[in-house]
Amino acid sequence: MSLLETIFRQILNGLQSGSIYALVALGYSMVYGIITLLNFAHGDIIMVGAYLAWLAMARLALNPIFAVLVAVLGCTILGMAIEKVAYKPLRGSPRISLLITAIGVSYFLENAAQMIFGASSQSIPAIIKLRAITLGGVQIPGTALVTLLTAGASMAVLTILVNHTRMGRAMRAVSEDTGAAQLMGVNISTTISFTFALGSALAGIGSVLYSCAYPQANPTMGAMLGLKAFVAAVLGGIGSLPGAMVGGFAIGLAEAFVSAVGLSAWKDGVVFAILIVVLLVRPTGLLGKPMHEKV
Amino acid sequence: MKTKRNRIPTLLGYAINLALFAAFLILGDGLIQSGAISKYYSKVVMLIGINVILAVSLNVATGYLGQLPLGHAGFMAVGAYASAIFMTRTALPASPAFPIGILIGGAVAAAFGIIIGIPALRLRGDYLAIITLGFGEIIRVVLLNIDDVLGFTLTNGAAGLQNIPKATTFLNTFVCVGLTCFLIHTMMKSRHGRAILALRDNEIAADSCGINATYYKTLGFTASAFFAGVAGALYAGYIGILNPGGFGFMKSIEILVMVVLGGMGSMVGSVLSATVLTAVPELLRAFAGYRMIVYALLLIVVMIFKPSGLMGTYDFSLSRLLGKLFYGSSRKKQGKAGDAR
Amino acid sequence: MNRLVPLPSRSLIPERDLDKLPILETRHLGIDFGGLNAVDDFTIAVGRTEICGLIGPNGAGKTTIFNLLTNVYRPTRGTILVDGYDTLGMSTHQVNKLGVARTFQNIRLFRDMTVEENVLVGLHNSMKYGVAESLFRFPSYWKQEKRAREKALELLSLFDMQDMASFQAGSLPYGAQRRLEMVRALATEPGILLLDEPAAGMNPSETAELMQNIKKVRDTFNIAVMLIEHDMSLVMGICEGIAVLNYGKIIAKGTPDEIKSNQAVIEAYLGRQEEGT
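Rules of the game
Residues numbered from 1 in each chain as written. Chains lettered and ligands numbered in written order. Predicted model: local features only at pLDDT ≥ 70, side-chain atom pairs only at ≥ 80, totals over all residues. Heavy atoms only, no water. Helix = DSSP H or I, 4+ residues; strand = E, 2+ residues; numbered from the N terminus. Buried < 20%, exposed > 50% of the residue type's maximum accessible area, 1.4 Å probe, protein only. Contact = heavy atoms within 4.5 Å. Areas by Shrake-Rupley, 256 points an atom, 1.4 Å probe, with all protein chains shown as cover. Lys, Arg positive; Asp, Glu negative; His and termini not counted. Charge placed at Lys NZ, Arg CZ, Asp CG, Glu CD. Pairing = 2+ DSSP bridges. Buried area = accessible area lost by both parts, 1.4 Å probe. Salt bridge = Lys/Arg side-chain N within 4 Å of Asp/Glu carboxyl O. Polar contact = N/O pair within 3.5 Å; in protein donor to acceptor, adjacent residues only side chain to side chain. Nonpolar A, V, L, I, M, F, W, Y, C, P; charged D, E, K, R; others polar. Patch = residues over 30% accessible without salt bridge, like charges linked within 9 Å, V, L, I, M, F, W, Y side chains within 5 Å. Expected span 1.5 Å × (residues − 1). Phe/Tyr/Trp six-rings, centres within 6.5 Å; stacked < 30°, edge-to-face > 60°. Lys NZ or Arg CZ within 6 Å of the ring centre and 35° of its normal. Disulfide = S-S within 2.5 Å. Axes fitted to C-alpha atoms, helices over the stretch in contact; angles between N-to-C directions. Core = buried A, V, L, I, M, F, W, Y, C linked by side-chain atoms within 4.5 Å. pLDDT = per-residue confidence, 0-100. Parallel < 35°, antiparallel > 145°, perpendicular 65-115°, else oblique.

Would you explain the overall build of chain B in this entry?
From N to C terminus, chain B includes 13 helices and zero strands. Beginning at the N terminus, the succession of helices and strands in chain B can be written as α-α-α-α-α-α-α-α-α-α-α-α-α. Oriented by its inertia axes, the alpha-carbon framework of chain B measures out at about 70 × 55 × 45 Å. Evaluated residue by residue, chain B yields a buried proportion of 58% over its 341 residues. Partitioning the intrachain contacts of chain B with sequence separation of at least 6 by distance along the chain shows that 79% fall at a separation of at least 24. Carbon and sulfur atoms form 70% of the exposed surface of chain B, whose accessible area is close to 13,600 Å². A gap of 12 Å separates the mean positions of the 27 positive and 12 negative side-chain charges of chain B.

What's the story with the sheet that holds strand β1 (residues 24-33) of chain C in this structure? I'm lost.
Strand pairs in the sheet, formed through backbone hydrogen bonds, run parallel or antiparallel to each other. All names here are of chain C. A sheet is described by the order of its strands in space; here four strands give the open sequence β2-β1-β4-β5, paired in antiparallel fashion. Edge positions in the sheet fall to β2 (36-46) and β5 (85-86), since each has one partner strand and no second. Bridge count for β1 against strand β4 (residues 77-82) is five bridges, and the pairing is antiparallel. The partner of Glu25 across the bridge, within β4, is Leu81.

Looking at this structure, I do not really get the interface of chain B and chain C. What am I missing?
Chain B puts 41 residues into the contact, and the matching count from chain C is 41 residues. Summed over both partners, the interface of chain B with chain C buries about 3,500 Å², with 57% contributed by carbon and sulfur atoms. Of all residues in chain B, Arg191, Arg194 and Cys209 of chain B bury the most surface against chain C, accounting for 21% of the area lost on that side. For the salt bridge of Arg194 of chain B with Glu145 of chain C, the shortest nitrogen-to-oxygen distance reads 2.8 Å. On the surface where chain B and chain C come into contact, there are 20 residue pairs in polar contact (both at pLDDT 80 or more). For the side of chain B that touches chain C, the elements supplying multiple residues, two or more each, are α1 (10-33), α6 (170-188), α7 (191-201), α8 (203-208) and α9 (213-239) of chain B. The biggest single contributor to the side of chain B that touches chain C is α7 of chain B, with eight residues. Residues of the side of chain B that touches chain C, tallied by class, amount to 18 nonpolar, 13 polar and 10 charged.

Please explain a nonpolar patch on the surface as it appears in this structure.
Taken together, the side chains of Leu60, Leu62, Phe66, Leu69 and Val70 of chain A make up a nonpolar region of the molecular surface, amounting to roughly 450 Å² of accessible area. The partly exposed category is assigned to Leu69 of chain A, whose relative accessible area is 46%.

Honestly, the pattern of salt bridges in this entry has me stumped. Any pointers?
Any two side chains of opposite charge can pair, so long as their charged atoms come close to each other. Using the criterion set out here, one finds 26 salt bridges over all chains in the structure. Salt-bridge contacts for Glu83 of chain A lead to Arg91 of chain A; the nearest nitrogen and oxygen are separated by 2.7 Å. A salt bridge links Arg48 of chain C to Asp83 of chain C; its shortest N-O distance comes to 3.1 Å. Highlighted residues: Arg48 of chain C in the loop between β2 and β3 (51-55) and Asp83 of chain C in the loop between β4 and β5, separated in sequence by 35 residues. When its relative accessible area of 15% is taken as the criterion, Asp83 of chain C is described as buried. Ionic contacts of the salt-bridge type, sharing partners, join the residues Lys228, Glu255 and Asp268 of chain A together with Glu137 and Arg140 of chain B into one network.

How do you make sense of α9 of chain B when you look at a structure like this?
Each full turn of the α-helix corresponds to 3.6 residues, which orients residues three or four apart in the same direction. Residue and element names in this part refer to chain B. Given a rise of 1.5 Å per residue, 27 residues ought to cover 39 Å, and the 38 Å separating the end C-alpha atoms of α9 matches this to within 8%. When you tally the buried positions in α9, you get 22 out of 27 residues, the bulk of the element. Downstream of α9 by a residue or two, Gly240 has a phi angle that is positive, lying close to 85°.

Could you clarify how one ought to interpret the packing of aromatic side chains in this entry?
Centre distance and the angle of the planes are the two values used to describe a pair of aromatic rings. Within the structure shown, the criterion is met by 25 aromatic pairs over all chains. With centroids separated by 6.4 Å and ring planes inclined at 65°, the aromatic side chains of Tyr81 of chain B and Phe247 of chain B adopt a geometry described as edge-to-face. Taken together, the residues span a long stretch of sequence, with Tyr81 of chain B in helix α3 (residues 72-89) and Phe247 of chain B in the loop between α9 and α10 (249-262) at a distance of 166 residues. For the pair formed by Tyr81 of chain B and Phe247 of chain B, the shared burial category is buried. Aromatic side chains Tyr141 of chain C and Trp142 of chain C sit 5.1 Å apart centroid to centroid with 80° between the ring planes, which places their arrangement in the edge-to-face category. Sitting over the ring of Phe104 of chain C, Arg108 of chain C keeps its end group 5.5 Å from the ring centre. Across from the ring centre of Tyr141 of chain C, 4.0 Å away, lies the NZ or CZ of Arg137 of chain C, which sits over that ring.

Where do I start with the state of the cysteines in this structure?
In a disulfide, the sulfur atoms of two cysteines are held together by a covalent bond. All names here are of chain B. Scanning the model with the defined rule gives zero disulfides over all chains in all. Cys181 provides the cysteine sulfur closest to Cys176, a residue in no disulfide bond, and the two sulfurs are 11 Å apart. Classification of Cys176 by relative accessible area gives buried; the value is 11%.

Can you walk me through the side chain of Ser266 of chain B in this structure?
Its place among the elements puts Ser266 of chain B in the loop between α10 and α11 (267-283). Using a relative accessible area of 0% as the deciding quantity, one classes Ser266 of chain B as buried.

Got a minute to help me understand the sheet that holds strand β7 (residues 192-196) of chain C in this structure?
Residue and element names in this part refer to chain C. In space, the six strands of this open sheet follow the order β6-β7-β8-β3-β9-β10, with mixed pairing throughout. Edge positions in the open sheet fall to β6 (100-102) and β10 (249-254), since each of these has one partner strand only. The average undirected angle you get between the axes of adjacent strands in this sheet is 20°. Here four bridges tie β3 to strand β9 (residues 241-246), and the two strands are oriented parallel to one another. When the sheet's bridge partners are listed, Leu54 is paired in β9 with Ala243. Across the sheet, helix α1 (residues 62-69) touches β3, β6, β7, β8 (224-228) and β9, and the angle it forms with β8 is around 145°. Across the sheet, helix α7 (residues 204-221) lies against β3, β7 and β8, angled at about 135° from β3, the strand it touches most.

I would appreciate a short explanation of the nonpolar core in the present structure.
Side chains that are nonpolar tend, in soluble globular proteins, to be buried together. Phe40, Tyr87, Ile100 and Phe230 of chain A together with Leu70 and Leu242 of chain B are the most contacted members of the largest nonpolar core, which has 197 residues in total. With 14 residues, α9 of chain B is the single largest residue contributor to this core. Not counting residues within four places of it along the chain, the set of residues in contact with Leu70 of chain B comprises Phe40 of chain A together with Ala129, Thr132, Leu133, Phe249, Ser252, Ile253 and Leu256 of chain B. Within the second largest apolar cluster, 50 residues are counted, among which are Leu155, Leu156, Leu210 and Cys239 of chain C.

Teacher, can you tell me more about the confidence of the model for chain B here?
Should pLDDT be low for a region, the predicted coordinates there are not to be read in detail. When pLDDT is averaged across chain B, the result is 88; 91% of the residues are at 70 or more. In this model residues 329-341 of chain B is a low-confidence stretch, pLDDT under 50, and it forms 30 contacts with partners more than four residues away in sequence or in other chains.

Please clarify how the packing of helix α1 (residues 3-35) of chain A against helix α6 (residues 166-176) of chain A should be interpreted in this entry.
Helix-helix packing: each pair is described by the crossing angle between the helix axes and the interaxial distance. Residues and elements named next belong to chain A. Taken N-terminus to C-terminus, the directions of α1 and α6 make an angle of 60°; their axes are 6 Å apart at the nearest point. By the angle between their directions, the pair α1 and α6 is classed as oblique. Contacts between α1 and α6 involve Met30, Gly33 and Ile34 from the first element and Met171, Val174 and Ser175 from the second. Looking at the contact of α1 with α6 residue by residue, the classes come out as four nonpolar, two polar and no charged.

In structure tokens form, the structure reads like this:
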């Protein structure tokens, strides 16, 4: 394999995992933007999505398309339910309490999954059965192609939703100034619910795409994936949607190249080192807005 | 004029606290030596002591300094490895070497606290949380892979650092617990501690009162790291084998949960919740599958119904209690601020 | 550190302070916020025992000037001399050590600490014991803490607040919070005290008491006071020199009588009523 081919393949790998990170990062970023919560349970929603896909295909023998629907819908409902049950009662409480609650939800999901499905991994049947296509002499695996297209389409839909709909405008208003938005007649609860639904739906899509790349479900799979996606969101500038996308792809590509040069043991370290360097140079991330405290 | 306080003299208070603590040490040690407390329970008690140090030390950064570090396990790891490497290589017998090992653990962790604190403390709020998370994870990755770079065995990577002398006992653990609580108490009840609290309450106002924010933030952060290193050293001598996997993000979260559940800024809250959160899961081992679910639900429920933690910012003071007994509780209620803060 | 020799004063230093180095002097001070000249060419000198006022319509840049004087903001241009020392590159706490203390428009107390502890934070740099001395409770700790607590009560008694020493600062009534902020600032032993709208939210009798207190502070400690205020009865009543600011620039300097009759000032306040307060 020529050097050029290797580079191309690594870019493709990076884009594939990057687009999954980006989808998950968007959920972190939206939720942070709207209630300034680092939603640690977000990664575990992906885990639940993967189990739902496994359940639908391996147990209920459903068509992959239905399996995808089950996973995405399940994640959406779960996300909204978590917000209603665990986060809503804490509106107005110190933010640290909200954070600890999110950690509690994360523990709960992981351990519930472990009780129900056991600690060992379940393998998920192939969801996408698409042959690789050859482009200019380079093979592009079917899953990579589908992942990139799906992620791209999801992000495009999200961007339109946020920038050009009533609900999107409400979301932006609430994240800018909750009190003022409320005075202008925006229904805060609905908006927050919608944000969680949207973020969790993206996580659901992410979980299906992740299951295509790594067809296994286990109770703790969401932790590291969630953490990386979270890093991506912060890297891009938390609260900024384009930032989350940029951050996701940056992390994906960085990981692919670190692995390609034979340092995959250092992969996680490099991801966090990039984060630290970026934060020290630009304290609010690549595309984040600078903060000022009024004296 | 109400300037006379209804409290017993400070030095007498210290003496009473010291006497009670010594009695606790002698009693506990006696019970363990005589076998009245089984080996298993004495292990649990030691683990409680280690977790108390971790929680109390994190409380310095979280409760007093008002920051949210998510990499506390990293400092614990550094202290544990530093001490363990010393203990496995020293020619001294284990019991005289261990105090040195503990100090080395604390000192190396404190050094990391300074190195990490100076850049991290430039950031605020959530960004500080995230950057410390990043440093914590990097420490873990480095401990895992450093041998490949060095070309000789230092941490022994994923296989783990083994054959660490098991020098941790009930007595040395709880002497460390006592010293940690005492030193943090004396630091906080001084001009330095007040500077740290002032920075938490209002950084701009503290600056304008002539308080060097960078210095005091770093001091608080470093003190926090030092005692985490001490706890790490005790843990190394307790468990006998170290593996970087045990010091990940989840461990940091576990310590944070103890602090928040106890009430941030309350040392006695940290002590109590570290005790309960260590003891209960150990005692519930029989219900292995359910206990973590119960733990998770407990966290959520406590946060929903008591968001400021179980003890709020209240700090218990034996001197104050005795003062009340001797002089009657004539002091008017004054909100939550007592002399303890 | 070199003391700079002051320029011949072009300001309103009262005669009794004229033969002394001004406690505070600014030369052509300015700051831009993203292209906007928030403050421009701000040049004043304040005598060592002067009470002076900084007035102007809302948004004129008054608080920005306090933030510049305490190095909370870095000036884009110009020089600040405190007691003759250039504060360029210093941080806020170093400027405080040089002798500038302030209060804030939106009160900034250490709300969770007691009244006494708030003052003790102000006395931070008057105590000298180190970290180790406090950790192991050296005699120096006990001695200095005792002296500081006495000093704190003494300062509090200046405004009749000694009985509130053990109250939580955040639980105090509004007026007492403002007074506590002043006590805390005085505890840092400043040469000049900057008061940002000390009379905001006060009724006339409270304002009259505040005027007495400000005079008392000046006479007791022999320091300068510079205040931002919208209450003209207070400004005209106690200030010896007044600078009027509009759109970040000084439009008039003078004694209260001169300011009252100054055409530019009347225009800034009354001529464009939709902006005045």
